[in-house]
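These are the residues of each chain, in order.
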Amino acid sequence: MKRDREMEKLIDDLEEMLLRKNKAYGDSALNPIQVFSSIAPRMQLRIRMDDKLNRWLTVKDEDWEDTLMDLAGYAVLYAAGLITNEPNSKARIKNACQLLREEPLIDTKTVFSSLSPVEQVEYSLDIMMSDLKESMAPKPWLNFASLLVQYIHLRNQEAASHD
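Residues numbered from 1 in each chain as written. Predicted model: local features only at pLDDT ≥ 70, side-chain atom pairs only at ≥ 80, totals over all residues. Heavy atoms only, no water.

J.: How should the overall build of the protein be read in this particular structure?
T.: Looking only at helices and strands, one finds 6 helices and 0 strands in the protein. Secondary structure elements of the protein, listed N to C terminal, follow the sequence α-α-α-α-α-α. Taken against the 2.2 N^0.38 rule, which gives 15 Å for 163 residues, the C-alpha radius of gyration of the protein at 16 Å falls within 12% of a compact globule. Referenced to the eigenvectors of the C-alpha coordinate spread, the extents of the protein come out at roughly 50 × 30 × 30 Å. Residue pairs in contact within the protein that sit at least 24 positions apart in sequence constitute 69% of those at least 6 positions apart. (Helix = DSSP H or I, 4+ residues; strand = E, 2+ residues; numbered from the N terminus. Rg over C-alpha atoms; globule rule 2.2 N^0.38 Å. Contact = heavy atoms within 4.5 Å.)

J.: How should the packing of helix H1 (residues 5–24) against helix H3 (residues 64–82) be read in this particular structure?
T.: The description of two packed helices rests on the angle between their axes and on the distance between the axes. Look at H1 against H3: their axes get within 10 Å of each other, and the N-to-C directions meet at 70°. What the angle tells us is that H1 and H3 run roughly perpendicular. Helix-helix and strand crossings are classified by hand; for H1 and H3 the assignment is right-handed. Here Leu10, Asp13, Leu14, Met17, Leu18 and Lys21 of H1 lie close against H3, whose contacting residues are Glu65, Met69, Asp70, Ala72, Gly73, Val76 and Leu77. When its residues are assigned to classes, the contact of H1 with H3 shows 8 nonpolar, 1 polar and 4 charged. (Axes fitted to C-alpha atoms, helices over the stretch in contact; angles between N-to-C directions. Parallel < 35°, antiparallel > 145°, perpendicular 65-115°, else oblique. Left-handed = near helix turned anticlockwise from the far one by under 90°. Nonpolar A, V, L, I, M, F, W, Y, C, P; charged D, E, K, R; others polar.)

J.: How should unusual backbone geometry be read in this particular structure?
T.: What you tend to see is this: most non-glycine residues have negative phi, and most peptide bonds are trans. One non-glycine residue, Asp27, lies in the positive phi region at around 60°. Along the chain, the position of Asp27 falls in the loop between H1 and helix H2 (41–58). The exposure class of Asp27 is buried, given its relative accessible area of 18%. (Buried < 20%, exposed > 50% of the residue type's maximum accessible area, 1.4 Å probe, protein only.)

J.: Even after reading the chapter, I still don't get the nonpolar core, so can you show me in this structure?
T.: The tendency in soluble globular proteins is for nonpolar side chains to be buried side by side. Formed by 49 residues in total, the largest nonpolar core has its most connected members in Leu14, Val76, Leu125 and Phe144. Per element, the largest residue contribution to this core is 13 residues, and it comes from H3. When neighbours within four sequence positions are excluded, Leu125 is seen to be in contact with Trp56, Phe144, Leu147, Leu148 and Tyr151. (Core = buried A, V, L, I, M, F, W, Y, C linked by side-chain atoms within 4.5 Å.)

J.: Could you clarify how one ought to interpret the side chain of Asp70 in this entry?
T.: Among the secondary structure elements, Asp70 is positioned in helix H3. Classification of Asp70 by relative accessible area gives buried; the value is 18%. Here Lys52 takes part through its side chain, which lies 2.9 Å from a polar atom of the side chain of Asp70. In this view, Asp70 contacts Met17, Lys21 and Lys52; residues no more than four positions away in its chain are not counted. (Polar contact = N/O pair within 3.5 Å; in protein donor to acceptor, adjacent residues only side chain to side chain.)

So, in structure tokens, the structure goes:
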């Protein structure tokens, strides 16, 4: 599967949101001030991702797309936190988003032909989440974010085809 313009726009929107929030929150995701919590920044991101996953899985509301974009954003931030060759968080986020654009997509025409494209990505997300628990490299986190963006894209396409 190749990224189309709509999918590229989702990644552009994700990058813009991350940079805007990074500025607004004073770089708190990658360099928190830790007044009330001494938990490591990456662990804090994992907690935020758990919260977003819980919301997505339990509160099937109309904000599902925002919830998944936030989750993808936290995965990108996690990967950005693992990229240490950049001088600041803004550069790390930009680098991580560029790497996200290069992540391969699931070919939903050949992987699990008995499942719909949305179901195939859901299945892949389930598998990936258990593998991410121990990952300390940026690539798996970017792959997770890429799958989330692909899932949002496919669900939007599915909804548009029913209209």
